[in-house]
Amino acid sequence: MSAFEQLLKGWDGEQVAVRYEPDLDTWMFIGVHSTVRGPTGGGTRLRVYSAPEEGLADVLKLSAAMTRKFAVCDVPRGGGKAVLAVPELPTGEARTELLHRFGTFITSLGGLYSCAPDMNTSEYDMDVIAETCPYVFCKTAEKGGSGSTSPATAKGVFHGIEASVRFALDRDLTGVRVLVQGMGSVGALLASYLDEAGADLYVSDVDASRLTLGTPVAPEDVTGFACDVLAPCAVGGVINAVSIDQLRCRIVAGAANNQLAVPSLADRLHERGILFAPDYVINAGGVLHGAGLESLGWSEQQVDERLRGIGDQLLALYADGDGSPVHAADRLVERRLTPSAGPR
Ligand SMILES: NC(=O)c1ccc[n+]([C@@H]2O[C@H](COP(=O)([O-])OP(=O)(O)OC[C@H]3O[C@@H](n4cnc5c(N)ncnc54)[C@H](O)[C@@H]3O)[C@@H](O)[C@H]2O)c1
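Position numbers for residues count from 1 along each chain, tracking the sequence in the order it is written. Since the coordinates come from a predicted model, pLDDT governs what is reported: local features require at least 70, and pairs of side-chain atoms require 80 or more to be given and counted, while whole-chain, interface and lining totals use all residues. Hydrogen atoms and water are omitted, and side-chain values are computed over all heavy atoms in the structure.

**Quick look at the overall build of the protein chain**
Secondary structure follows DSSP: runs of H or I at least 4 residues long count as helices, runs of E at least 2 residues long count as strands, and numbering of each begins at the N terminus. A tally of helices and strands in the protein chain yields eleven helices and eleven strands. Relative to a compact globule of 344 residues, whose C-alpha radius of gyration would be 20 Å, the protein chain shows 19 Å and is just as compact. Its C-alpha atoms put the protein chain at 55 × 50 × 50 Å along the principal axes. Looking at the protein chain residue by residue over its 344 residues, the buried ones come to 52%. Relative to all contacts within the protein chain whose residues are 6 or more apart in sequence, the contacts with residues 24 or more apart total 64%. Carbon and sulfur atoms make up 50% of the accessible area of the protein chain, which amounts to about 14,400 Å² in all. Positive charge is attributed to Lys and Arg, negative charge to Asp and Glu, and no charge count is given to His or to the chain ends. Every charge is mapped onto a representative atom, which is NZ of Lys, CZ of Arg, CG of Asp or CD of Glu. Taking the 29 positively charged and 43 negatively charged side chains of the protein chain as two groups, their mean positions are separated by 4 Å. Atoms considered for the radius of gyration are the C-alpha atoms alone. The globule rule reads 2.2 Å times the number of residues to the power 0.38. For every residue, the accessible area obtained with a 1.4 Å probe (protein chains only) is divided by the maximum for its type, and the residue is called buried under 20%, exposed over 50%, and partly exposed between those limits. The contact rule is simple, with two residues in contact once any of their heavy atoms fall within 4.5 Å. For the area figures, the Shrake-Rupley method with a 1.4 Å probe applies, and any residue is considered shielded solely by the protein chains shown.

**Here's the deal with the UniProt feature "active site" (unreviewed entry) in the protein chain**
UniProt positions are given in the numbering used here, feature names are shortened, and annotations may be inferred rather than shown by experiment. According to UniProt, the feature "active site" (unreviewed entry) maps to K81 in the numbering used here. Note that K81 resides in strand β4 (residues 78-85). Discounting chain neighbours no more than four positions away, the residues touching K81 are F29, I30, G31, G43, V59, L62, S63, M66, Y113, D118 and N257.

**Comments concerning the pairing of strand β1 (residues 15-21)**
Note: two strands are recorded as paired if DSSP finds a minimum of 2 bridges between them. Two elements, β1 and strand β2 (residues 26-32), share seven bridges in a ladder whose sense is antiparallel. The residue of β2 that forms the bridge with A17 is I30.

**What to know about the UniProt feature "binding site: NAD(+)" (unreviewed entry) in the protein chain**
What UniProt calls "binding site: NAD(+)" (unreviewed entry) maps, in this numbering, to G182, M183, G184, S185, V186 and G187. Note that G182 resides in the loop between β6 (177-181) and α6 (185-196). Look at G182 and you get buried, because its relative accessible area is 6%. Beyond its immediate chain neighbours, meaning those up to four positions away, G182 contacts G187, S204, D205, C233 and A234. Along the polypeptide, M183 turns up in the loop between β6 and α6. Overall, M183 belongs to the buried group, its relative accessible area being 4%.

**A closer look at the nonpolar core**
I161, V165, V180, L190, L194 and V229 are the most contacted members of the largest nonpolar core, which has 52 residues in total. Not counting chain neighbours up to four residues away, the residues in contact with V229 comprise I161, V165, V176, R177, V178, L179, I251 and A253. The nonpolar core is taken to be a set of buried Ala, Val, Leu, Ile, Met, Phe, Trp, Tyr and Cys residues, with the residues joined through side-chain atoms within 4.5 Å.

**Quick word on the domain arrangement of the protein chain**
Domain annotation for the protein chain reports domain 1 (3-70 + 78-143) and domain 2 (150-337). Facing the 17 residues of domain 1 at the interface are 16 residues of domain 2. For the pairing of domain 1 and domain 2, the buried interface totals around 1,400 Å² over both sides, and the portion due to carbon and sulfur atoms is 63%. What gets called buried area is simply the loss in accessible area from a 1.4 Å probe that two parts show on being joined, summed for both. When the area that domain 1 buries against domain 2 is broken down by residue, the three leading residues are R68, K69 and F137, summing to 42%. Between Lys or Arg on one side and Asp or Glu on the other, a salt bridge is scored when a side-chain nitrogen of the former is within 4 Å of a carboxyl oxygen of the latter. Linking domain 1 to domain 2 there are zero salt bridges. What qualifies as a polar contact is a pair of N or O atoms within 3.5 Å, subject to a donor-acceptor requirement within protein and to the restriction that residues adjacent in sequence count only when both atoms come from side chains. At the boundary of domain 1 and domain 2, one finds four residue pairs in polar contact (both at pLDDT 80 or more). Here the side of domain 1 that touches domain 2 takes eight residues from helix α2 (residues 52-73), the largest share from any one element. Its residues assigned to classes, the side of domain 1 that touches domain 2 comprises eight nonpolar, two polar and seven charged. Domain extents, as shown, originate in an automatic or database domain assignment. Classes in brief: Ala, Val, Leu, Ile, Met, Phe, Trp, Tyr, Cys and Pro nonpolar; Asp, Glu, Lys and Arg charged; the others, Gly included, polar.

Quick look at the structure:
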């Protein structure tokens, strides 16, 4: 079986649209995982992969996570995601050309998928895509959009960490030892909120120029670092078959998508007594910001209330008590994807 065949046969989503642009040597994938709750939305990831099937694998996994995220937030949208698998990150005119072609690709789906920023794409890129496509969230404020999702994501993760510490350690953040892995647009803001709240802050990044706050920890020492909270804010798969036994933290709670390399690791974390904040619950702040302001008519104040609600939602999942909080979150998603099944 080819890699493409294997990936698509193992996926439970609705459809994937694929386009190859020969002169740009770029694969475009749009994953439409579920339209049960409405037309799909999700970020567009621009990335160099060693093979196109890695990009496809990413779009399948990430679009499924978007379905769960929208359901958990109770936002009437389905899960989608796009991947632009490029030979190198484009700049200047080549970037504009790529984004324009991507805009026409999205438009051809007639609203089934709307894009937003993700890894290596920003609100400025959304402005460019919008020149050929009406289905774009999070353009700049000058172009009538709600701008970057990162501040809202960071604020939601902060509330989630605060709630997780209250639940597992019965204390506030003062003096709590927190390691933020990845000081990018979300991690750096999260670190500043944690610092303001009096946490004992440790930070790590493969780019040393980003270590502007807290005590640096070498990237290779992150998973074995003794701390109260490990906050993965870099890449997915940080909790894997190797790192799971190295962990010396009480809580894993951060912004990265798909932190568990395989879902069964949720049970291993639970058995080890490590509290895991399901990633698609704690990192939903960006979705609440984009969808809330642009399609649900919320005010900034209502968005702030919903971001604080991420902490309350995690506490409710933790209190569910039946195994890992991931199972409680999955049960909630299942109920919301089958509305006829009873109370939500
Ligand atoms: N931006 C959002 O609104 C949002 C929303 C939901 C989820 N996320 C997820 O949160 C994570 C962070 O997002 P971001 O927008 O801050 O990304 P970003 O690209 O701005 O930052 C990522 C940072 O991680 C660093 N990094 C990469 N590999 C590392 C490693 N092995 N060890 C330490 N540092 C490493 C990079 O140098 C960079 O500074 C991503 O996984 C993203 O998918 C982001």
